[in-house]
Structure formats: C-alpha cells, structure tokens
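The chain contents come next:
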Amino acid sequence: MPNFSLPRLLHALLAALLLTACMEEDTSHAWKLDRLRVLGMSAKPAALQPGETAEVSVLVTDEPLNRPTTLLWLGCLPDPHNLNRSPCADSEILKNPALLMDAQGNMAENIHFLGMGSTAFYSVAENLFSIFPAEHPQRKIGTVGMVLLLVVAEALPEEPALRDIALLVQRAQNKQVDSQITLFRIPVRESDEPANNNPLISTMTVEGLAEDTPSPLPLKQGQQYVLNLVVPEESFEDYIEITSIGSTPKTELLFASFFSTCGELEDSEFNLATSVRPKLRVPQEKEMEACPSPLQKLFAVVRDTRGGQTWYEQPFVIIP
Amino acid sequence: MKALSVWVGLFGLSAFANPLPPAEAMAEPPLPSQSTPPEEASGPPQATSEQPQEASLPQLSKSPVLLESAPATFPLEMEAEQKSGTVILELEIDAEGGVRKVVVLESAGPAFDKAAVDAAWKYRFSPAEVDGKPAPVRIHYRSEFFFRPQAETRPIAGPMGAFSGELVERGTRAPIAQALVVLGEGENAQEAFSDEEGRFSFAQLSPGTWKLSVSSAEHELFSAEETILPGERTQARYFILKKTYGAFQTTVRGTRDKREVSQVSLQQEEIRLIPGTQGDAFKVVLNLPGVARSAFSMGMLVVRGSRPNDTRVYIDDVHIPLLFHFGGLYSTVNSSLLERLDFEPGNFGAAYGRSTGGLVKGNIRPPASDGLHGYVDINLIDTSVLLEGPVGKGWSVLASGRRSYIDALLPLVMKSDALKFTVAPRYYDYQLRAEHLSEDKKSRFFVFFFGSDDKIELLMPNATADLEGRNSFGNAIRFGRLAVGWERRFSNQLSFKTRSSLGYDVMQIALGDDMFMKGTQYPITTRNEFGFTLSERTTLRVGADFSLKPISANVQFISFPKFNQIPDPMFSRQLISAKENYFFFEPAAYAEVQHTPFKGFQVVGGLRADYNSHINKAWVDFRLALSHTFADRFKLKGAVGLFHQPPDYINGQTSIAFGDVNLKPEGSVQTSLGLEVSLTKALSLDIQVYAKNGFNIARQTLGGNSQADLSVDDSTKPWASFGSSRAQGMELLLRHQLTDRFFGWIAYSLSRTEVTDVLYGGYRRSSFDQPHNLIVVASYKLPWNFIVGGKLRYTSGALTTPVVDTIFDANGNYYYPLNGRPNSVRLPDFFQLDIRIDKRFVFKQWMLSLYVDIQNVTNRKNPEVANYNYDYSKRTYISGLPILPTLGIRGEF
C-alpha cells in the first residue's frame, strides 16, 4: 500500500470518476491481439507443498505475425518469510534483465534457470519452512514461488549455449527484438486441505449458435454476438482461507478475460458470478481490412481466487 | 439674534501603534470636502490602509468613534466681522478614548483656533484598536465655522414638534454612525450627528415640511422631506446606500505581523470576488506566493515544496485535520466567519511548532451584535446558511452550516453499470458559536463548536481488478471540535490568552470486507499565553501548548511495499491485522521576545521546547527574525529558525505493526531574506528569497536484492529516518490595494525542491517541485453594482516518473510499469484563466448577489497526470476541468 493521504486518495478517485471525459481517447484495448502477448500462465498443481514440483505452462500469442518464439524460464527461490524481497519481483532488476543473467549466462544468487520451451518445472525444497517451529502459523499461511518467463520473438538453435541465451536476453533488453517478461507466483504452504485445482472450461458458447456447432464457429459480418463460457460447478471450489488474521471459509470466484484477433469486444473481463457477458461485434465487409483473413481466433483465460488458471481457444470464421 | 452654524467633520483617520511616530509620518491632511476621499478609509479600517509607509507596521483594526462631542462656540469677534473659517486639528487620543493632545495643523486665525481647540479637549472617543488591542492613535479633525446672518423669525403659533430618526445601511442594516444630518435650509438649518446606533434627534421644530439631508463618508448622499406636526414627535428610519460593500472584513495575512517575511492582507470583499475561489478565504491562500498548485487544483497546501501534511491549519488556535472537503471543493470551516487569516509559508514564531512546513491560522470573528444578520448561498454544488445576532447583554451567537448535493446530482449524471454509489460523495460542515465581550472591552470569552464530515462509498458490481473479489470502496473523514477561549488585557503591561479544545477525528477507508483502516482520536489541547510589555521597546510572550491524544487504530491491511518491489496482487496472504491504542502526550513551552533597540529596527527571538511521548523524543527549536524600516517606505527583513515535527503517524509511519516507532522527529533549518517597498499609496512590492534544508525525513526503504539471505527474517522496516531535502526560492508580490473600484496583484514564485534519491543516491526533484508559479488577479467595479474580475494562473507542469518498460503480472492479469528515474519528466505547463461577474442588488433590509464564476475560460486542456493504456505502450493525459461555469445566488441581511 503506497503512502497516501486519505483526502488526496479520495479526491483522486473522484477526479478519475468525473473527468473521464477529459481523457484523450485511447484506441488500444487489452482484448485486442495484435502483438506478442502472454495471456495466461498455469501451474499443475496450482499450489505446492514443500517437496513438490509443478509443471508451468503458458499461453502465448503473436498475432498476426506468428513469429517463432523463444521461451526462457527462470525461477526464484521462495522466501519462507514471504517478505516479497525476491529478485524476481525487484523492479530495478527487471528493468535490466542482464542482472538476472550475466553475459556468460551465469545466474544471480537466488535465481535458477528452469529451462526453455513451452513448459518448465518448478520445485520447492522440502525443508522450505524448516526455519520455523513445527506449529508456526507461517507454515500454513505460506509463501509464493516465483517464476519469470522471458518470451522473445526470435528463435534460438535447438541446443543453445548459455552465451547464446545471454545474448538473446541482451537483445531483448536493448529492444532489438520484441519480447515480453512475465511474472507468475505459485502459492506454497503446508496444508491438510485439498489442493487448489485449476478451473475447467467445458466450452465457449455463442448466443444464437448451437452448442454443438463445429469449430471454427461461423460468425456473420456486422453482427454482434454474446459470448459465454461453460464452467463446471466444481470449478467454484470451497476452501479455507488461512491468513495471519485467522481462518475463513470461502468459495472461489472465477474471473474471465476474453481476447480476439478480430472485431470489437465489449465487457471483455467479467466475474462469472455476475450476469455480465462479453459481446463480440464482427466487422462489416468494409472493415475487413483490419482482418484480412476470415479465419480468426477467440481466447478466454479464467483465473480463480487462489491463483489457478486455465484457458480456452476458439477459432471462428467470418462469413458474409 | 444671529443663529450661527458650526460644522465639524471627522476625516482622515490614521492610526499608529504605541509609541506614536513623529508627526511627519502622518497621513495626508484631509481634503476640503464633506465626503471622505476614496483613498482614505474611514469605515471599518483595512488592516493595511492606503498609507504605504504603514503597510508594514501594526494595523489599525478599529477606528475611534466620537462618543461625546461639544459644540464649538462661535467667536464673538468673528461674528462681528461676519467671517467664516476652517480649522484643521490633530488630536492624539489615548487608549481609553480621551484626548490628550490637540495641535492646530491649519489655522483659521487665533479666535477660530481657540474655539476649535477648546471644544476638542471635551471630546470623548471610543478607544481605537491596533491589532485587536486598544491603542493610542492620532487623527485629523476638521472644524468649520460658518457665519450665516439670521433672518428675523416669526413667532410660531401653537406647539412645536420634534423629529428623531435612525440611519441604517441599506442591504446590511448596519447602523450608520457619525453621519451628519442636516434638517432644514438656510438660516433655519439644524444639524446633528448620528450616534453609534445610528440614531439622531431634533427638538423644538416648527411644524411644516422640512428638507433633510444625510451625508457620510462611506455612503451616498441621501435626501428626504419630512412633515413635522405640532405637539408630536415624528420618527423615521432611513436606508442609505453604501458606496462600497463588503459586509465583514477578513484579513488574510502572509505571515504574522511583527515578523513579516511575507504579508498579504485582503478584505472580505476582495476574497469574495476572486474568480475560481467561490469566495472561500482559505482557497485564496492557494493563490499566494509560496503555495504550489496541486494536481486538479486539489486543496493540498504545498508550501515552499513541503509535503501537504507538513503544513498545519489552526482555527482559533485549535489544530484541525482537514481544511478542504474532498481535497479542494470548499473549506471545512465557513470562511465568512473569519476575522483574520494568517498564512506563513515558513519561519513562523516560537508560539507554534510540530511543523516544518507552513502555517495557516484563522481567527473567527465575534458574531454580529448589532442585530440579526445572515445569508443563504446556493450554487451548483452546495448550499450554505448563516444566522447570527445578539443575545442578552454582551452576548452574541451564530449558527452556520453547509451541505453538498453532489450525492443527489451525481447519480443522475453518471449512469454506469460499472459503478454504483452506495453513498455518493457528500459533505457537510457546521459551526455554532457564542461569544461575550465585556463592557470595558478588555475581556473576551467564546465557546465554539464546529466540525465537518466527508463520505463516499462505491460498489463496482463487475469488479475484475481484484482477483480476490473486493468490489467496494469506502472513505470517510470527519472531525469535530468544542473550543473554549478567553483573553483578557489586565493592563497595558499584562495580557493573557487561553484556548482549549476537546475533539474527535475519525478517518476510515475500506476496500472490500477484509481490508480496512479506521483511526479514531480524541485530541485534547490547551494553549495558554501571557504577554508582558516590559518597556516601550520590549515585549515578552511566554506560553505552554499541550496536546493529549488518545488514539485507537484498527487496521487490517497489507504492509507498505518497499520502494522497488512489485506488489503481490493476492492481498489476503499479506494481511496484517493490528489494533493499536496510543496515548500521545505532546507538551511544549515557548518564550519569545520582541525588542526595538532603536527606531525602525526590530528583533524577535524565540525558543520552543517540545516532547512527543509516542516516539519518546524531545527537541528544542530556536527562531530569530530581524527587520529594519528605513526611508519610510522600505523594510528589510530576515529570519532563521530550526523547526521539528513528529513523523506522520496518520499514515502509519510510527505504527508498531506497519511502521517504526523509533523514527526520529523530522527537522528543517529555514532562512529567509526579504524587502518590502511601498511604491505608491496603493501599490506595494514584496520580494523575498528563502532556503529550507530538511533532515531525518522518513522515507520508504528498499526491498531486498538478488543476494538477499532468505533464511533471515529481514527486520528492515518500511520506513527509516534517512531522508533529507533542500528547497530554495524567490517570491514576489506586487499588489494594488482595494480602492473604490479596483484591486489586484501579481504573485510569482521561482523555486527548486529536491529530496534524497533512494534508488540512485544524491538528490532528485521532489514530487512537489514547481519552478514557476505565476498568479495575476484583478477585479474592477463597474457602474450599477456590476463587478468583473479575472484570475490568470501559469505554473510549471507537474513532475512525473516515466515508464521505461513493463512486465506482465500473470496472477493479477495486468501489466505492471517499470519506472525510470523518479520525477524525471515534466508534464506540459499549466495555464488557466478564470473570470467572475457579480451583480449586486441592494434592497432596504437585504442584499441579493448573483454571480457567474467561469473557470478555464479558454477551455484549455491542462494535463494533470499521465495516463497509460493497458500495456503502457501509449501515453495520454488526464486533463483538468474544462470550461466550467458556476452560477450562484446569495441573499444576505
């Protein structure tokens, strides 16, 4: 929580509410896929106990160029005290990725190279919380393991040397190549409770189209469609939230984010417990310059309250 | 028998504090006309009148009023010669209102002179007051002797009549004292002066129609005809139009007198007419040199680069936690209640402490005692009302309040499913006061109950920003004070003043159900001060200033992040709950000596000792101010001082759970040097330079680094007292005092403010740095009670921190900015022109004002903050208000 003066915060909030008309128009939208993006990251299992390993995967898009990409995974040791002092969360280091890895490919202390490719594995030491007495609450409150992913829009050879990797990191830092750095936290704690599961998405539906309509979904030019996700009830998991204050029984909330390579999305982010649903307006014929190919994609990423994630890809074709 | 008329008038008041200056320093002699010339104020005096050589001296706050007069005897020898004459006298009036010296300035011959002087020795006045205290003064007085041969009068058959009346100021209903009433014409003319209650009377009048004329320095000439009936007393009440309206006067001072590093004195009339301030005296402070403009013109008092919380605000010596509603809409205390408003940007005296910024002190005026008065003011945002009047002997009371209706209007304007107001922003404030003034005017007692309440609650039905589902936000700030004050002037050598208060402050903020901060405190304060006049050249003030604060804080929140850390969006695993109860004890004692070793040179030195029980620290501050007046229109001044304040506990810096109770008191060494010049009677120039060096400032600490030992519980607190700051600047004020038609000023500040650079070492520009700050204000009175005013403001753009890169936070589903060097980019400069047009309608017993206040007439889009798109690849600006006309209507009686 930043240092703020309450009256100033209040007035800043009011000013933001009342002066939205005074902002210059912003033509970029988070839902629009038109560059190298990381849309979501997921760990299996979604939370770890000491001694466990999670497989981490990522949803990366690079529309419309679809360039070959290199994915570099780095991991920072979890801090048993959860004081958020990891180099993976240090803005001064992240501005200069070379601090994570030097020119020879050597990693800084507390940082590990997890590998390259579409997935990586993150392990937690069994004795993570051994510095605490057996019944210390911090064991149950837990901490986070941190994963950094550097996605670079350039391919490396199949078995690159550390130096090649370091050079690529440097090129990314110098903006010589498109890149995106992503931070992901995996909850780690000792718990007798069932582990968190990533939510499930059965399917994506479009109002006006039958559920069993084969992919790609045919969407007409100039039409607006209401989209939805079918998420099984078991994805809304009950759990006990343990914090320094105490334990509280809760039910997970699920939040969805929609993305599209073409068209206009409205209400692209929503709480699945509300009645808000995204609307996709398919471009008219005269607007098809922005979407030269009739074959396009929709993505949906769903996050739960405890850090679980999943995603769904739905191709669609624009028909006259 | 010859009936002769003698006409005397009272002109050209000029007042001086004890000791009286030499005669050559007096104001200009009165002009040979019945009405007082516009340049010479004769009504309730301005704190700085049109006498430039006194602009920097103690201020006349109340003129003497003639209570008892004695008619001058027309000299027989002059009568024989059928001569007329005018004698101009200089009267020295002591602090009790008696005449102690009479000097003839312009002679009309020995006979007339003696007659005028003999009469003048019998006059008795009410005591004049300088800076609120009775003081000896010197005035000019004009005696006119008219010779009129008396025509033979016919005996009147039947009984005589009488006539009495009352003179009342149109619109305000204030009694008009010392007005000359002439009944009749030619040889039958009779004259009388109205008393303090505006009453006059004539006896032994012949029945018939009489012409009446009333003349008064501040009022338009009035004429009427009355019919006198035999054996009856005719009574009348006249409502007379004032030349210049400004019902109550508030003096806004740049600094306290006697030590003046910068000084601006304004009348209530000026304050009401400055565009963009809605007549709020406290907002006028935001337009003075030394005060930076804050984003969106929020009412943050950024004084000489200090943080807003470093400047303290006092009402009747009682500290209040919030000056403006919602950060800048209106002040929380009705500024029309102010008698005086002092603003000190720095180097204030030893009587005040616990602050390294500036000082704003408002003194509330006594409620009206001359009848029932009040007003109703309605505008687009809120309505305020005031009612006041006398109650019993010596007592007067007032009640005032303001209530917004944004909460009613906003939901109509903002129709959005994304945002709902559980409680739309609303505010109100209230003031109740009872005051007693002793008959001898030496004692004053008041009880003042006042407070304020701001609240807002939002609900975002489809909130997706917080993955833990928090979709509500609430904020409330309220405070109340019950203040009691008493002061007494025991003698010319001894005075005493006490102010005590009980209060409550509540500040709360809530985010969802599980994150909240609620702080409640009950400040109990008392300030007691003795004033000793040791000699003609030396005065001593000693005092004690105690504050007791039981505080209860219930907080469930995340800890302050370290300066370089990317926050974890999952707040629940970081929550810290703390219920902390404190009892702050903050005693202080001070002593201050003012000495004038020789004419024109003044030294003010003070010492102050403070203690704060919460951090268990004590400190001693010294203050020194020097001034030298020379050539009657120049004043050179300088000051140096050490200032301390406790760390900001309101923001949790000294919280056991969230901060560090071992933080040191923050300090600052302040110096200033200035020159005041009276260019003309109405035009003055004040220029000064200053330097401030801060130390032991609490700053956020850095988080761990890549080599951090994770097995160690890092006990580094989020705050540490390692910060320092430095500020230098120049302030200039060129001001034209309020005359009949015009007032205005040009204020310019050039400054530089830097703070410790936590990341890169050395110093960097502070967030409050604003190198250029120019304000031009002007107001002109047109015929038919129209007034037009304008305010132009130009300031350097705000500093912002550029975003050099981003990371995508996959847990929070947002891009997080990676910042470049803090405050290394300046937004475009700010420019705004406001205009205001007033039209006043003056009726017999009340006045109606209509006004249009248009802010940002040129509709310039002034960037206030940088705004980025979702991935920070594009930057736009959030601009301030566009052209915004405000309509208002105010009725007062």
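One can find the structure itself at the top, above this paragraph.
Residues numbered from 1 in each chain as written. Chains lettered and ligands numbered in written order. Predicted model: local features only at pLDDT ≥ 70, side-chain atom pairs only at ≥ 80, totals over all residues. Heavy atoms only, no water.

Colleague: So what exactly am I meant to see when it comes to the overall build of chain B here?
Modeller: Counting its regular elements, chain B contains 5 helices and 53 strands. For chain B, the residues scored as buried account for 56% of the 893 residues in total. In chain B, the share of contacts with a sequence separation of at least 24, taken over all contacts with a separation of at least 6, comes to 66%. (Helix = DSSP H or I, 4+ residues; strand = E, 2+ residues; numbered from the N terminus. Buried < 20%, exposed > 50% of the residue type's maximum accessible area, 1.4 Å probe, protein only. Contact = heavy atoms within 4.5 Å.)

Colleague: Looking at this structure, I do not really get helix α4 (residues 162–173) of chain A. What am I missing?
Modeller: Residues spaced three or four apart along an α-helix face the same direction, because each turn holds 3.6 residues. All names here are of chain A. Here α4 spans 16 Å end to end across 12 residues, near enough to the 16 Å set by a 1.5 Å rise per residue. Here α4 has its buried residues at Ile-165, Ala-166, Leu-168, Val-169 and Ala-172. Along the long axis of α4, the arc covered by the buried residues comes to 160°, so they all point the same way. Each element contacted by the buried residues of α4 is listed here: β3 (70–76), β4 (111–116), β6 (143–152) and β7 (179–188). Residue Lys-175 follows α4 closely and has a positive phi angle near 65°. (Expected span 1.5 Å × (residues − 1). Arc of directions from axis to C-beta.)

Colleague: I keep staring at the sheet that holds β7(A) and nothing clicks. Help me out?
Modeller: Whether parallel or antiparallel, the strands of a sheet pair through hydrogen bonds between backbone atoms. Pairing is mixed across the open sheet formed by 6 strands, whose spatial order is β4(A)-β3(A)-β6(A)-β7(A)-β46(B)-β47(B). Lying at the two open borders of the sheet, with one neighbouring strand each, are β4 of chain A together with β47 (814–819) of chain B. The sheet shows a mean angle of 30° between the axes of neighbouring strands, direction not considered. Bridge count for β6(A) against β7(A) is 10 bridges, and the pairing is antiparallel. (Pairing = 2+ DSSP bridges. Axes fitted to C-alpha atoms, helices over the stretch in contact; angles between N-to-C directions.)

Colleague: I would appreciate a short explanation of the pattern of salt bridges in the present structure.
Modeller: Where side chains of opposite charge bring their charged atoms close, a pairing between them can arise. Taken as a whole and judged by the stated rule, the model has 68 salt bridges over all chains. Measuring nitrogen to oxygen at the nearest pair gives 3.3 Å for the salt bridge that ties A:Lys297 to A:Glu63. Here A:Lys297, found in strand β17 (residues 295–304), pairs with A:Glu63, found in the loop between β2 (53–62) and β3; they are 234 residues apart in sequence, far enough to count as distant. Take A:Lys297: its relative accessible area is 27%, and that puts it in the partly exposed class. We note a salt bridge from B:Asp805 to A:Lys175, for which the minimum N-O separation is 2.7 Å. Residue B:Asp805 is located in strand β46 (residues 803–809), and its partner A:Lys175 is located in the loop between α4 and β7; the two belong to separate chains. Take A:Lys175: its relative accessible area is 48%, and that puts it in the partly exposed class. Residues participating in the shared-partner salt-bridge network are B:Asp316, B:Arg433, B:Glu435, B:Arg444, B:Glu487 and B:Arg499. (Salt bridge = Lys/Arg side-chain N within 4 Å of Asp/Glu carboxyl O.)

Colleague: What's the story with unusual backbone geometry in this structure? I'm lost.
Modeller: What is expected of a backbone is that most residues other than glycine have negative phi and most peptide bonds are trans. In this model, A:Lys44 is joined to A:Pro45 through a cis peptide bond whose omega is 0°. Here the amide bond leading from A:Glu63 into A:Pro64 is cis, since omega sits at -5°, within 30 degrees of zero. By the secondary structure assignment, A:Pro64 is in the loop between β2 and β3. Positioned with a positive phi, A:Asn82 is a non-glycine residue whose angle comes to about 50°. Mapping A:Asn82 onto the fold places it in the loop between β3 and α2 (91–94). Classification of A:Asn82 as buried rests on a relative accessible area of 17%. Backbone geometry at B:Asn347 places phi at a positive 50°, although glycine is not the residue there. For B:Asn347, the position within the fold is in the loop between β22 (338–344) and β23 (359–364).

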